[in-house]
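# Descriptive analysis of the structure
Read off the chains here:
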Amino acid sequence: MKRDTNWLQQLISMRLCSFIPSATEIIYLLEQQENLLGVTHECDYPQEALKKPNVVKSVFDEFDDPTSEEINAVISERLKQGLGIYQIDESVLATAQPEVIFTQQVCEVWAISSQQVAEACEELEQTPTIVSLDPQLLNDVLDDIDRIGEITGTQSKAKSVIE
């Protein structure tokens, strides 16, 4: 008799947050969307990701239709403060209480800064594992799929997606 291979996945219910769209897409590919408790405002694929709480937002979300002068002023001020144009919604993060946060370390201005991630995690009940993804080439994307599969206990699904 063949054993159902989903039994391991059912035992693993890891609380995840994605601070980058590519990780969100991979999490959906690996059918772990039920464990995904927060995404960025940029996560629009698959369409269902739009229904997830936004844990990362743009500072421009507060503006209806910012002028180029307003945009320039906000970016200049945030750069002086050592911040980028994104911020973590700490109430969404606190509700999610993630065990793993997927982020990137590519750019401190056009992505959530590692400093912001570290500071926000200090406020959580338990410190999550922070996994930084930095794909530059197609093989890096495939490695990220494999890595997220390993973290979420969905290695066989990840291998299938990669193939």
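These remarks concern the structure in this document.

Cut-off values and rules
- Residues numbered from 1 in each chain as written.
- Predicted model: local features only at pLDDT ≥ 70, side-chain atom pairs only at ≥ 80, totals over all residues.
- Heavy atoms only, no water.
- Pairing = 2+ DSSP bridges.
- Helix = DSSP H or I, 4+ residues; strand = E, 2+ residues; numbered from the N terminus.
- Axes fitted to C-alpha atoms, helices over the stretch in contact; angles between N-to-C directions.
- Contact = heavy atoms within 4.5 Å.
- Buried < 20%, exposed > 50% of the residue type's maximum accessible area, 1.4 Å probe, protein only.
- Arc of directions from axis to C-beta.

Moving on, we get to the sheet that holds strand β5 (residues 100-104). Across the sheet, six strands lie side by side as β4-β3-β2-β1-β5-β6; this open sheet has mixed pairing. The open sheet is flanked by β4 (86-88) and β6 (129-133), the only strands paired with a single partner. Going from strand to strand, the sheet's axes swing by 15° on average, the running direction of each strand aside. Of the strand pairs in this sheet, strand β1 (residues 16-18) and β5 are connected by three bridges, and their pairing is parallel. For Ser-18, the partnering residue across the bridge sits in β5 and is Phe-102. Seen against the sheet, helix α6 (residues 138-152) touches β1, β5 and β6 and runs at an angle of roughly 165° to β6.

Relative to the assigned elements, Leu-37 resides in strand β2 (residues 36-40). Sequence separation between Leu-37 and Pro-98 is 61 residues; the distance between their C-alpha atoms is 7.5 Å. When residues no more than four places from it in sequence are discounted, the contact partners of Leu-37 are Arg-15, Leu-16, Cys-17, Pro-53 and Ala-96.

All of the buried residues along helix α5 (residues 114-122) are Gln-116, Val-117, Ala-120 and Cys-121. Down the axis of α5, the sector holding all buried residues measures 130°, keeping them to one side. Where the residues of α5 are buried, they touch α3 (68-80), β4, α4 (90-96), β5 and β6.

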